[in-house]
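The chain contents come next:
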Amino acid sequence: MAHGKKSDEKVVFVGDSRVRKGMGFITPPDYTSYPGKSEAFIPNFLLKEWMVGVVVLVGFLVLTISEPAPLGYPADPGASVIPMPDWYFLFLYQYLKYPYASGDYVVLGTLGVSGVAFGALLLAPFLDTGKERRFYKRPIASTLMLLSIVSVFYLTNVAWTHYQHQLAETGQVPEHIAREEEALEKHNAGLPTSMAPTTEEVAIVDPDGAGAEIYKKATCITCHAADMKGQAGPSLRGIGDTHSKEEILGIIHDGVGNMGAQYDANIAQGLTDKDIDTLADWLASQKSAE
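No experiment lies behind these values; they were computed from the predicted model shown.

Calculation rules
- Residues numbered from 1 in each chain as written.
- Predicted model: local features only at pLDDT ≥ 70, side-chain atom pairs only at ≥ 80, totals over all residues.
- Heavy atoms only, no water.
- Helix = DSSP H or I, 4+ residues; strand = E, 2+ residues; numbered from the N terminus.
- Buried < 20%, exposed > 50% of the residue type's maximum accessible area, 1.4 Å probe, protein only.
- Contact = heavy atoms within 4.5 Å.
- Areas by Shrake-Rupley, 256 points an atom, 1.4 Å probe, with all protein chains shown as cover.
- Disulfide = S-S within 2.5 Å.
- Phe/Tyr/Trp six-rings, centres within 6.5 Å; stacked < 30°, edge-to-face > 60°.
- Salt bridge = Lys/Arg side-chain N within 4 Å of Asp/Glu carboxyl O.
- Core = buried A, V, L, I, M, F, W, Y, C linked by side-chain atoms within 4.5 Å.
- Axes fitted to C-alpha atoms, helices over the stretch in contact; angles between N-to-C directions.
- Parallel < 35°, antiparallel > 145°, perpendicular 65-115°, else oblique.
- Left-handed = near helix turned anticlockwise from the far one by under 90°.
- Nonpolar A, V, L, I, M, F, W, Y, C, P; charged D, E, K, R; others polar.
- Expected span 1.5 Å × (residues − 1).
- Bend = angle between axes of the 7 residues up to and from the residue.
- 1 Å grid on protein atoms, 1.4 Å probe; cavity = no way out; pocket = protein on both sides within 12 Å on 5 of 7 lines; lining within 4 Å.
- Points joined across faces, edges and corners; volume = space filled by probe spheres on them.

## What about the overall build of the chain?
Consideration 1: Secondary structure summary: the chain contains ten helices and zero strands in total.
Consideration 2: In sequence order, the secondary structure elements of the chain are arranged as α-α-α-α-α-α-α-α-α-α.
Consideration 3: Taking all 290 residues of the chain together, 18% fall into the buried category.
Consideration 4: Look at the contacts in the chain between residues 6 or more apart in sequence, and 56% of them connect residues 24 or more apart.
Consideration 5: For the chain, the accessible area works out to roughly 22,400 Å², and carbon and sulfur atoms hold 64% of it.

Written out as structure tokens, the structure reads:
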């Protein structure tokens, strides 16, 4: 609107500057107002996603049943191996160990600490509702973040340190370290370092005999594999070319190199002295064809 300089000049209104009364909250139209262009999230859209997920899971299930993982041999609970996860899981591994979530503190570890940790994450959006984004002006969020980072580093360090002490006490050498040392020794001696066979493969002698059945139950299978080609230990195919039955029995009773005595472990597996003798006789018969 324009105002005149003199009182006798008329006033000319341009447009309407008055504020109209609001109509209140207007509910937007639902998906039925747009046929063919939208649909309800629940259950229409979500049901389709679930159906696709079910088809994928069934596909994985069929795949795992038809093509099981090639484990090769059952796990040996009596094996002297210190189980350790990858480094990025060490803090969780240590958290599950005594005294955090086992022993006398199992309730505190599983319910108390876990409840506080996940509860803090769940309540974080409600505890810190300010608009400030600078971390030093957000004490609650910053404190939770720092405590989490310190906890992860601390638990990871404790887990790794304890693992090193266990290796030193038991005299064990991790498998990957043993493989590297073996490869280095072969390299220094001018031998091939590949795990692949360099000569014609030696066949198993009497694969269906009594000795073969005992071999599947013995601790030998843990390191030498079900096919006798070797895994953590060397191949046993053609072992009869270099070892007699008496030498094999001596290795089972006393061990050799990095391999410890296996007699007690085999007895614990349910084998008898006669079974061990049959096994040694069968291994001694494993000779390459002339």
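The rest of the description comes next.
## Quick notes on the state of the cysteines
Consideration 1: Under the defined criterion, the tally for this structure stands at zero disulfides.
Consideration 2: Of the cysteine sulfurs around C220, a residue in no disulfide, the closest is that of C223, at 9.2 Å.
Consideration 3: The class for C220 is buried, based on a relative accessible area of 11%.
Consideration 4: Given a relative accessible area of 34%, C223 falls into the partly exposed group.

## Describing the packing of aromatic side chains
Consideration 1: This structure, assessed with the given rule, holds five aromatic pairs.
Consideration 2: With a centroid separation of 4.9 Å and an interplanar angle of 65°, the aromatic rings of Y88 and F89 are classed as edge-to-face.
Consideration 3: Geometrically, the ring pair formed by F135 and Y136 is edge-to-face, given 5.6 Å between the ring centres and 80° between the ring planes.
Consideration 4: By the ring-pair criterion, three or more aromatic residues cluster together here, those being W87, Y88 and F89.

## Comments concerning unusual backbone geometry
Consideration 1: Phi at M228 is positive, roughly 65°, even though this residue is not glycine.
Consideration 2: For M228, the location among the structural elements is in the loop between α7 (220–224) and α8 (245–254).

## Remarks on the pattern of salt bridges
Consideration 1: Counting across every chain of the model gives three salt bridges.
Consideration 2: Residue D277 pairs with K245 through a salt bridge whose shortest N-O separation is 3.1 Å. With D277 in helix α10 (residues 273–284) and K245 in helix α8, the pair connects residues that are 32 residues apart, well separated along the chain.
Consideration 3: The partly exposed category is assigned to K245, whose relative accessible area is 22%.

## Examining the nonpolar core
A general tendency of soluble globular proteins is for nonpolar side chains to be buried together.
Consideration 1: Y215, M228, L236, I248, L279, W282 and L283 are the most contacted members of the largest nonpolar core, which totals 18 residues.
Consideration 2: Breaking this core down by element, the ones donating at least two residues are α6 (210–217), α7, α8 and α10.
Consideration 3: Take this core: its biggest share by element is six residues, from α10.
Consideration 4: Each residue touching W282, except ones within four places of it in the same chain, is listed here: I204, V205, D206, G211, A212, Y215 and M228.

## Some details on the packing of α6 against α10
Consideration 1: For the pair α6 and α10, interaxial distance at closest approach is 8 Å and the crossing angle is 110°. Looking at the two axes, α6 sits roughly perpendicular to α10. Once α6 is placed against α10, the crossing between them reads as left-handed. Touching A210, G211, A212, I214 and Y215 of α6 are D275, T278, L279, W282 and L283, all from α10.
Consideration 2: Partitioning the contact of α6 with α10 into residue classes produces seven nonpolar, two polar and one charged.

## A word on helix α1 (residues 41–66)
Consideration 1: A rise of 1.5 Å per residue sets the reference length of α1, with its 26 residues, at 38 Å; its end C-alpha atoms lie 36 Å apart and thus fit the reference within 8%.
Consideration 2: The sharpest bend along α1 measures roughly 30° and falls at L47.

## Points about the packing of α8 against α10
Consideration 1: Look at α8 against α10: their axes get within 8 Å of each other, and the N-to-C directions meet at 125°. With respect to α10, the axis of α8 lies oblique. Crossing geometry of α8 relative to α10 is assigned as right-handed. Residues K245, I248, L249 and I252 of α8 form the contact with α10, whose participating residues are I276, D277, A280, D281, L283 and A284.
Consideration 2: Here the residues of the contact of α8 with α10 sort into seven nonpolar, no polar and three charged.

## Quick notes on the layout of surface pockets
Consideration 1: Space inside the second largest pocket adds up to approximately 760 Å³.
Consideration 2: Contributing to the lining of the second largest pocket are 23 residues, with Y95, V113, A117, S148 and S151 lying nearest its centre.
Consideration 3: For the lining of the second largest pocket, the elements supplying multiple residues, two or more each, are α2 (90–95), α3 (106–127) and α4 (139–170).
Consideration 4: At nine residues, α3 tops the list of elements feeding residues into the lining of the second largest pocket.
Consideration 5: Among the residues forming the lining of the second largest pocket, the class breakdown is 20 nonpolar, three polar and no charged.

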